[in-house]
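Each chain, letter by letter, is given below.
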Amino acid sequence: MQFSNNRNFTRGFIILASFLIVVLILWNTYYLFQVFKYEERNKMEIWADSLEELNKAESNTDVEFLRRIMSKNTTIPTVWTDSEGNLKDISNVSEEIVKDSVRLQKYIEDIKRENNFIRMDLSPTEHQFVYYGNSFLLNQLKYFPIALILIIVLFGAVVFNFYRASKMATQNKLWAGMAKETAHQIGTPLSSLLGWIEIMKIDNVDETTVTEVEKDVSRLQTIADRFSKIGSEPVLEKLDIVAETEHSFEYLRSRTSSQVEFLFKAPTYPVYVMLNRELHSWTVENLVKNAVDAMKGKGSLKVILEDTGELIKIQVTDTGKGIAKNRFKKVFEPGFTTKKRGWGLGLSLTKRIVEEYHKGKIKVKESEIGVGTTMQASYRKA
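All of the points below concern the structure found in this document. Every chain begins its residue count from 1, and numbering advances along the sequence as written. Since the coordinates come from a predicted model, pLDDT governs what is reported: local features require at least 70, and pairs of side-chain atoms require 80 or more to be given and counted, while whole-chain, interface and lining totals use all residues. By convention in this description, side-chain values take in all heavy atoms of the structure and omit both hydrogens and water.

1. Looking at unusual backbone geometry
Right, on to step 1. Unusually for a residue other than glycine, K296 sits at a positive phi of about 55 degrees.
Right, on to step 2. Secondary-structure assignment places K296 in the loop between α8 (277-294) and β8 (299-307).
Right, on to step 3. Only protein chains enter the area calculation, which uses a 1.4 Å probe; residues under 20% of their type maximum are buried, those over 50% are exposed, and those in between are partly exposed. Judged by relative accessible area, which is 77%, K296 ranks as exposed.
Right, on to step 4. Despite not being glycine, K359 shows a phi value in the positive range, around 55 degrees. Helix and strand assignments come from DSSP, with helices taken as H or I runs of at least 4 residues and strands as E runs of at least 2, each series counted from the N terminus.

Written as structure tokens, this is what we have:
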């Protein structure tokens, strides 16, 4: 509990700190923008004063000095008009705009809106106006906080994905460890059961009873073998997927309610795929059991194998409650279940077996609420 509280506190602190950093960046950028804007205003006022003095120049005026001040403005676009609004001069504006009268007029209107004009009084009755726009540097500064925020978001996404991947890797190790420990724990009573079967044979116990017990013990051995393979690279063999699937299908049919109507359809010839026998039977079992659960133990279930040339597809179709389209991918997520008593691991493990171990693909092919669902697993032929 203490660890959970500490983790929540740390997470909250990081979120709050990130928010404060973003606010600080935005405020600092705004402050810099205002400082630069003020500096540019001062420069333009000096420039306008120089222009005003140049127009009032007398014989003893240092004209060269005034022109040198005016020539220092190489970055701020300026428009100089008379009191009637007629253009007198323009500087630091691209040639393309200057040559196009329509674009130039629009550009002048935009500049007039950017900053307050500077009035030059050439005489008591004559005055002119200087309009100026923001320099390239000032315009770029406007986009600086957006770039920083995007960088922060990108960095946050990378950290989140790394955290999520680490968490999933830890969970996978945990499940793999639990699976191997389960297989180890099952192994001890299994050895004992095999001994008891031999004693039953010696004591001439009914042969049918012994056979059925042997089947169930064999089943337990298969389950233990499956769990022992989780988390490690399984050995694949070139096997006939038709025969392997039919074998698992028949086993499940004999142990399922008679209210479920089973149908198996497959090619009449062997189709070889690189398979692990135990894990493939687990795949078939999970798909069939999910289908039976979806029908609440009553309905029609079809297992159809389709040879498409390069691929062999296993389709399991039920007449159950169906799956909403927006849940087609969610059903394969660990922990997702619609059952009151379920861990939500069956289809997650099935996906791992098909895609990670057998390099195949599994998906919800089609589903309709109240009609049924078709799950499809595809394998590349050997």
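2. Observations regarding the pattern of salt bridges
Right, on to step 1. Any Lys or Arg side-chain nitrogen located within 4 Å of an Asp or Glu carboxyl oxygen qualifies as a salt bridge. Tallying each qualifying case throughout the model produces 15 salt bridges.
Right, on to step 2. The closest approach of N and O atoms between R113 and D110, which form a salt bridge, is 2.5 Å. Of this pair, R113 and D110 both sit in helix α4 (residues 101-114), three residues apart, roughly one helical turn.
Right, on to step 3. Under the relative-accessibility criterion, D110 is labelled partly exposed at 26%.
Right, on to step 4. Salt-bridge contacts for E214 lead to K201; the nearest nitrogen and oxygen are separated by 2.7 Å. With E214 in helix α6 (residues 207-229) and K201 in helix α5 (residues 136-202), this residue pair connects regions lying 13 residues apart in the sequence.
Right, on to step 5. E214 gets classed as partly exposed once you look at its relative accessible area, which sits at 29%.
Right, on to step 6. We classify K201 as partly exposed; its relative accessible area is 40%.

3. Some points on the nonpolar core
Right, on to step 1. I241, V288, L301, V303 and Y379 are the most contacted members of the largest nonpolar core, which totals 33 residues.
Right, on to step 2. Residue contributions to this core peak at five residues, all from α8.
Right, on to step 3. With near-sequence residues (within four places) excluded, Y379 lies in contact with I241, V273, L275, H280, T283, E310, L311, I312, I314, V354 and H358.
Right, on to step 4. Residues belong to one nonpolar core when they are buried, are Ala, Val, Leu, Ile, Met, Phe, Trp, Tyr or Cys, and are joined through side-chain atoms within 4.5 Å. Counting eleven residues, the second-largest nonpolar core is a separate cluster that includes M44, L51, I118 and V130. Note on definitions: a residue-residue contact is assigned when non-hydrogen atoms from the two residues lie within 4.5 Å.

4. Observations concerning the environment of Q315
Right, on to step 1. Of note, Q315 is situated in strand β9 (residues 311-318).
Right, on to step 2. Considering only alpha carbons, one finds Q315 and I304, eleven residues apart in sequence, at a separation of 5.1 Å.
Right, on to step 3. Among residues more than four places away in sequence, those in contact with Q315 are K302, V303, I304, E306, K365, T374, M375 and Q376.
Right, on to step 4. For this analysis, a polar contact is any N or O atom pair within 3.5 Å, provided that within protein one partner can donate a hydrogen and the other can accept it, and provided that sequence-adjacent residues contribute only side-chain to side-chain pairs. Side-chain polar atoms of Q315 contact the side chain of E306, separated by 3.4 Å.
Right, on to step 5. For Q315, the side chain forms a polar contact with the side chain of Q376, separated by 2.9 Å.

5. A closer look at the pairing of strand β4 (residues 127-132)
Right, on to step 1. Most of β4 is tucked away, with five of its six residues classed as buried.
Right, on to step 2. With five bridges joining them, strand β1 (residues 78-82) and β4 adopt antiparallel strand pairing. Paired with W80 across the bridge in β4 is V130.
Right, on to step 3. A pair of strands is treated as paired once DSSP finds two or more bridges between them. Looking at chain direction, strand β3 (residues 118-121) and β4 are connected through four bridges and run antiparallel. Bridge pairing in β4 links I118 to V130.

6. With respect to empty space enclosed by the protein
Right, on to step 1. Here a cavity means grid points, on a 1 Å grid over the protein atoms only, where a 1.4 Å probe fits yet cannot get out; a pocket means an open set of points with protein on both sides within 12 Å along at least five of seven lines; lining residues are those with an atom within 4 Å of a point. Grid points are joined across faces, edges and corners, and a volume is the space filled by probe spheres set on the points. Taken as a whole and assessed by the stated rule, the structure comprises one cavity of 30 Å³ or more.
Right, on to step 2. Estimates place the volume of the largest cavity at around 40 Å³.
Right, on to step 3. Lining the largest cavity we find T245, T283, V284, L287, V303, I314, V316 and A377.
Right, on to step 4. Of all elements in the fold, only α8 and β9 reach the threshold of two or more residues within the lining of the largest cavity.
Right, on to step 5. When residues of the lining of the largest cavity are assigned to their parent elements, the largest contribution, three residues, is made by α8.
Right, on to step 6. Each residue receives one of three labels: charged for Asp, Glu, Lys and Arg, nonpolar for Ala, Val, Leu, Ile, Met, Phe, Trp, Tyr, Cys and Pro, and polar for the others, Gly being one of them. Grouping the amino acids of the lining of the largest cavity by side-chain chemistry returns six nonpolar, two polar and no charged.

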